[in-house]
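Chain by chain, the residues:
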Amino acid sequence: MATPGLDDDSLQQLRSRATQLLLKENWTEYIAVCSLIIDAFDAAAACKDRRVLCSTLAHRADARARLGDAPGALADCDAALAADPAHPGALLSKGAVLRGLGRYARAAECFRAALAVSGTDEVREMVEQCKRLDAQVRSGAVDLSEWVLAGFSGKCPDLAEHVGAVEVLRSAHGGRGVLAVKNIEAGANLVISKAVAIGRGVIPDAADSGEKMVVWKDLVDKVLDAAEKCPRTASLIYTLSTGEEPEDELPIPDMAHFKQETEELDDGTAMAPKASLDVDKILKVLDVNCLTEDAAPSANLLGSNGVVNCGVGLWILPAFINHSCHPNARRTHVGDHAIVHASRDIKAGEEITFAYFDVLTPASKRREAARAWGFECQCDRCRFEASDAIVGQELTKLENELVNGRGGDMGALVVRLEERMRKSMVKERRKAFLRASFWSAYSALFDSDKLVRKWGRRVPGEAAVAESVAGAIGGNESVLRAMLRGADNGNGCGNRLEVEDKVVRIGRATYGRVVKRQAMRALFRLTLDADSNKSL
């Protein structure tokens, strides 16, 4: 039977044209051709024609979803399901769109309905995947164990966005920050955020600014494209600071904006009409708020395999997290997601902070890095090192010696610092701050068997120092490596069970609770292997 409004030859020509456009991935023209076929049907079309109508609607939904038109895609799926509630193509298309929007429970319902019609293993896995992701949205629990144990081979694990017990509020240091709304244990995931966009590249020479500009331009183009396609994304970007507004006048965004499941976009209704982008504002937002993947050292372990050595992206909620040289959180990059976890216990009302740059450096170096970011760090560690009258003068001498005395006896410098702290009766918390600031000197000492033999009896053991520094800056591969080596060579602190517990605790602070204990051991081995490779 001929389709109403089209004879069989015309319909066949349109189908052939649609196939050609599909192979070329020309989605705009493909949608136009599908629309011609759909428009030819009228409400009184015979039942046998519904199969063509529903399939075409489902195909157009797929194309619209690829172009970022989720409401249009959902409207097509609902139109197809109105004609045939059990149409497998429409069910699968709607499930895929809802999954992309983070509506995993609704997506699972669609995939289950499709499974009842065409029970394939692939559709069954879609149901299970959405169930896992829906649970992750609610709990923030992530298990990357299988991927880690497989050596990070294959596709990156699927992750869902999650907002834990945190809220964007006024920061005690001015402007806005992310604060804990309840007590949080070390290792717990605070935020799992998918990037608006990421620019990545392989840059052989770290000073190659030309290659970095290519990566940056790629990122800017992707962000503008994402904002143009999705008004919700654009509105989230506009909540971020441009660096020009008075900090105290910045509005506090509603946390519901960061939780996708609260956005009712999946009922087929259209979003607000697209407005022209404020490109200048978006560029300023990117300049202030972008994060680099290589600033989170664990990114080098979790899946990059050394292929990408430059990655910059925009993650909306993590961009609200302020810097501290005494951070309580840390981020890990897995695929396009940033996982922010507590690197030590956090009390309700405490501000969440992570490091924007290397904080295992002296105060003067950290001040330079902070100024490059456009702020002065006012964390308790920086205030102590700037104002402590007892240690201050000696600290300046030691910093100069550390920075300018390359190749010197770092063991002697460490001994002087330890003796100064002991004579001045510096409290343990502040000892941790100072040891973190002179971590490179401690590392040079413990890396040299000769220096350990010469000075080892006059300084705490490697594991003890690592535990102390972890208390100041949370987890860190370098600190974890020292703890592991100290535990292996007996230069630890406490009996073996105590040391193992401390190793696991620093491991959780470094990587978060993203793997089970067996896979944690694999990460420990990789940490030590990375140390061995550096020495080759």
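What you see is a predicted model, and the numbers here were worked out from it, not measured in a lab.

Conventions we followed
Residues numbered from 1 in each chain as written. Predicted model: local features only at pLDDT ≥ 70, side-chain atom pairs only at ≥ 80, totals over all residues. Heavy atoms only, no water. Axes fitted to C-alpha atoms, helices over the stretch in contact; angles between N-to-C directions. Helix = DSSP H or I, 4+ residues; strand = E, 2+ residues; numbered from the N terminus. Parallel < 35°, antiparallel > 145°, perpendicular 65-115°, else oblique. Left-handed = near helix turned anticlockwise from the far one by under 90°. Contact = heavy atoms within 4.5 Å. Nonpolar A, V, L, I, M, F, W, Y, C, P; charged D, E, K, R; others polar. Expected span 1.5 Å × (residues − 1). Buried < 20%, exposed > 50% of the residue type's maximum accessible area, 1.4 Å probe, protein only. Disulfide = S-S within 2.5 Å. Pairing = 2+ DSSP bridges.

Caption draft 1: Representation of the packing of helix H17 (residues 439–447) against helix H20 (residues 477–488) within the structure. Remark: H17 packs on H20, axes separated minimally by 12 Å, with the N-to-C direction vectors making an angle of 30°. The orientation of H17 relative to H20 falls into the category roughly parallel. Seen from above, H17 lies across H20 with left-handed handedness. Contacts between H17 and H20 involve Trp439, Ser443, Phe446 and Asp447 on the former and, on the latter, Ser478, Val479, Ala482 and Arg485. Looking at the contact of H17 with H20 residue by residue, the class counts come to 4 nonpolar, 2 polar and 2 charged.

Caption draft 2: Structural detail: helix H15 (residues 410–423). An ideal rise of 1.5 Å per residue puts 20 Å on 14 residues; H15 measures up with 20 Å between its terminal C-alpha atoms. Inspection of H15 places Met410, Gly411, Leu413, Val414, Val415, Leu417, Glu418 and Met421 among the buried residues, and these make up the whole buried set. Two residues or fewer after H15 comes Met425, characterised by a positive phi angle close to 55°.

Caption draft 3: Representation of the state of the cysteines within the structure. Enumeration over the complete set of coordinates arrives at 0 disulfides. Looking at Cys110, it has no disulfide partner, and the nearest cysteine sulfur is the one in Cys77, 7.9 Å off. No disulfide involves Cys325; its sulfur sits 3.6 Å from that of Cys382, the nearest cysteine. Given the relative accessible area of 0%, Cys325 is considered buried.

Caption draft 4: Local environment of the sheet that holds strand S4 (residues 189–194). Pairing is antiparallel across the open sheet formed by 4 strands, whose spatial order is S1-S4-S10-S9. Looking at which strands have only one partner, the edges of the open sheet turn out to be strand S1 (162–163) and strand S9 (329–334). Pairing between S4 and strand S10 (residues 337–342): 5 bridges, direction antiparallel. Paired with Ser193 across the two strands is Ala338, which belongs to S10.

Caption draft 5: Highlighting the sheet that holds strand S11 (residues 351–354). Strand order in the open sheet made by the 4 strands is S2-S3-S11-S8, with mixed pairing throughout. Single-partner strands in this sheet number two, and they are strand S2 (166–170) and strand S8 (322–323). Here S8 runs beside S11; their pairing, made up of 2 bridges, is parallel. Counted as the bridge partner of His323 is Phe354 from S11.

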